[in-house]
Amino acid sequence: MTINGTRLLARIQELAQIGAIEGTQGCSRLAFTDSDREGRDLVMTWMTDLGLTVTVDAVGNVVASTSSAGATGAVMAGSHIDTVGTGGRFDGNLGVLAGLEVIEATLAADIELNRPLAVAFFSNEEGSRYPPDMMGSLAYVGGMSVESVLEIEGADGTVVGDELERIGYRGAAPCPGAVPHAFVELHIEQGPVLDNEAVQIGVVEGVQGISWTELKFIGQSNHAGTTPMSLRRDPMAVAAEVAVAARSIATDLGGTQVATVGSLTLHPNLVNVVPAHATMTVDLRNTDETLLRQAEQQLMNSVQQIADREDVIVESRSLARFEPVEFDERVVDCIEALAKQKGLSTRRMPSGAGHDAQMIARVCPTGMIFVPSLDGVSHNPAEHTDDEDLVAGTQLLADAMLALTEVTW
Ligand code: GLV
Ligand code: MN
Ligand code: MN
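A few points on the structure.

Criteria and thresholds
Residues numbered from 1 in each chain as written. Chains lettered and ligands numbered in written order. Predicted model: local features only at pLDDT ≥ 70, side-chain atom pairs only at ≥ 80, totals over all residues. Heavy atoms only, no water. Helix = DSSP H or I, 4+ residues; strand = E, 2+ residues; numbered from the N terminus. Rg over C-alpha atoms; globule rule 2.2 N^0.38 Å. Buried < 20%, exposed > 50% of the residue type's maximum accessible area, 1.4 Å probe, protein only. Contact = heavy atoms within 4.5 Å. Areas by Shrake-Rupley, 256 points an atom, 1.4 Å probe, with all protein chains shown as cover. Lys, Arg positive; Asp, Glu negative; His and termini not counted. Charge placed at Lys NZ, Arg CZ, Asp CG, Glu CD. Near = heavy atom within 4 Å. Polar contact = N/O pair within 3.5 Å; in protein donor to acceptor, adjacent residues only side chain to side chain. Donors = N, O, S within 2.8 Å, 3.2 Å for Na, K, Ca; no water. Salt bridge = Lys/Arg side-chain N within 4 Å of Asp/Glu carboxyl O. Expected span 1.5 Å × (residues − 1). Pairing = 2+ DSSP bridges.

1. Considerations on the overall build of the protein chain
Secondary structure assignment for the protein chain yields twelve helices and 16 strands. Computed over C-alpha atoms, the radius of gyration of the protein chain comes to 22 Å, within 12% of the 22 Å expected from 2.2 N^0.38 for 409 residues, which places it in the range of a compact globule. Seen through its principal axes, the protein chain has C-alpha atoms that stretch 80 × 45 × 40 Å. A total of 409 residues make up the protein chain; the buried ones form 55% of that total. Restricting the contact set of the protein chain to residue pairs at least 6 apart, pairs at least 24 apart contribute 79%. By element, 48% of the accessible surface of the protein chain is carried by carbon and sulfur atoms, the whole surface being about 16600 Å². Put simply, the protein chain has 25 plus and 56 minus side-chain charges, and the middle of one group is 3 Å from the middle of the other.

2. What about the site of ligand 1?
Taken together, the residues surrounding ligand 1 are Glu125, Glu126, Asp133, Arg285, Ala353, Gly354 and His379. One nitrogen or oxygen atom from the side chain of Glu126 is found 3.0 Å from an oxygen atom belonging to ligand 1. In isolation ligand 1 has 190 Å² of accessible area, and contact with the protein removes 94% of it.

3. Let's talk about the coordination of the manganese ion (ligand 3)
Each pair of donors in an ideal octahedron of six around a metal sits at 90 or 180 degrees, and each pair in an ideal tetrahedron of four sits at 109.5 degrees. Coordination of the manganese ion (ligand 3) by the protein involves Asp91 (OD), Glu126 (OE), Glu126 (OE) and His379 (NE2), with metal-donor separations of 2.1 to 2.4 Å. Written as a sequence motif, the donor residues of the manganese ion (ligand 3) are D-x34-E-x252-H. Between the manganese ion (ligand 3) and the manganese ion (ligand 2) the interatomic distance comes to 3.6 Å, and Asp91 is a ligand of both metals. Of this pair, Asp91 sits in the loop between β3 (75–79) and α3 (93–109) while Glu126 sits in the loop between β4 (117–121) and α4 (135–140); the two residues are 35 residues apart in sequence, bridging distant segments of the chain. Classification of Glu126 as buried rests on a relative accessible area of 7%.

4. Looking at the pattern of salt bridges
For the coordinates displayed, the defined rule picks out 26 salt bridges. A salt bridge links Glu205 to Arg348; the shortest N-O distance between them is 3.4 Å. Taken together, the residues span a long stretch of sequence, with Glu205 in strand β6 (residues 201–207) and Arg348 in strand β15 (residues 346–351) at a distance of 143 residues. For Glu205, a relative accessible area of 34% translates into the label partly exposed. In this structure, the salt-bridge partner of Arg348 is Asp333, at a minimum N-O distance of 2.7 Å. Of this pair, Arg348 sits in strand β15 while Asp333 sits in helix α10 (residues 329–341), and the two are 15 residues apart along the sequence. Given the relative accessible area of 34%, Asp333 is considered partly exposed. A single network of salt bridges, built from pairs that share partners, joins Asp34, Arg37, Arg129, Asp156, Glu163 and Arg166.

5. A look at α3
With 17 residues, α3 should cover 24 Å at 1.5 Å per step; its first-to-last C-alpha distance of 24 Å lies within 8% of that length. Counting buried positions over the 17 residues of α3 gives 14, a clear majority of the element. Note on α3: the residue one or two positions beyond its end, Asp110, has a positive phi of about 55°.

6. Topic: the pairing of strand β16 (residues 366–371)
The side chains of a regular strand alternate, first on one face of the sheet and then on the other. With six of six residues buried, β16 is to be regarded as a mostly interior element. Neither face of β16 is open: one carries Thr366, Met368 and Phe370, the other Gly367, Ile369 and Val371, and all of them are buried. Sheet analysis places strand β5 (residues 182–188) next to β16, joined by six bridges and oriented parallel. Of the residues in β16, the one forming a bridge with Ile188 is Val371. The pairing of β6 with β16 spans three bridges and is antiparallel. Directly across from Gly202, in β16, lies its bridge partner Phe370.

Laid out in C-alpha cells, this is it:
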C-alpha cells in the first residue's frame, strides 16, 4: 500500500492556516482556545468524511476508528494538534495527519486487515497553557482522573473544564479510553541529531524523564531609589540566581541532563519598584531517573540557599513529573526492520521531547518514528521538515501499522 504524499502535504498546509502566525510558517493553537477548536473541527471533518467512527471523550480526546465498535484492539496512530503559543506546523500535527493518511490509503486500497486501524488526537499535549503536558493521553490511560483534569487552572486563570465546554469538546466517550493492540506515533525529531548526521529515520527507543516545577519567591516590594541594597528582599535577584544555578546543575551533570527556565513573571513588574514576588518555572529532563532526581535535589538545595540569603520566602509546586519511558522492543525492532527494508538510513535514539506515546505505552506495546527537523529547531515558527522526509516517515508509519495488525502479543 502506498500513501498519497500530495494529500498528506495539502492537509498539513491547510491545518497550518488555522492560528497561523503572520509572516512565518508557524502556528499558535494553545489548548482549548478558539483556534484549537477550529483545528479540531477541521480534522474531525476529515475523519467523518472518511466514514470513520469518531468519538470525543470527557477531556476532549478524539479517536477515529475503521471499526464501528471503536478502537479497542486497533492498531492506533496519533499525536496532538495543539501547539505552544509560538509553535511550528509539524509538531504533533504530522502524527495525526499521517495516521489519517494511512487509514485513507488503506481504505482506498481495499486491503483486508485482521484488526481495525485508528487515529487519535489527544488534548493539550503541550501543557503550555495548562500543566501537565500530555494531559489528554495521561487521562486516556487512566493516569489522571477526568475530575482532576477538568479542574486544572491555567497560566491565564481559566479552567480546563470551562474552556473545554466552551469550545464544545467535552464529549461523552469513556475516559480512560479503548485500549489499542499497538500504538505508533510519527513525530518530527525536534532536535538536531538526524539533520546533523543526515539520517532519514529516528527509531525511538524511549522518552526521557520530565520534571516541571513552579517556584514563587515572595520578598518585600519597595522603592527602587531609596531602598539600600543591603536592606532589600528582592525576589527577582533570587530568580536570576536560581536560573543560573539550574543551568550549572545541568552542565555539571552533563550527559542528557537539560534545564530550562521558560517562564518568569514579576509583580508588579514596574521599572522603579523592587518586585513583591517573582514566579518562574524550571523544566529539568534526563533519560536516567536517578540522575533526574539528583538534579531536582540539587536545584531545591540551591533554591533554599539563595532564597535564605536574600530573606525571601519560597513556595514551590510540581507542575509535571514523568519518569523516563522505554518503548516496547518488539515495536522498536519492527519499525527499524521495515525502515531498513525500504533502504532508509536509521538511527536508534531517545526522545528529548515529551510525547503522547509515552503515556499510551502504559497500556499497549508502543513505538515512535522520528523524521529530521531542519537545524534541530522546534517550538518555534521556523520549525521545518522537508516534504520528502514527511512522506517517507508517513509511508514507514503505514508499513509499521499494517505489519502490527498481523502481530500477536
Ligand atoms: C512537549 O512537547 C514537551 O516536550 O515539552
Ligand atoms: Mn509534539
Ligand atoms: Mn511540542
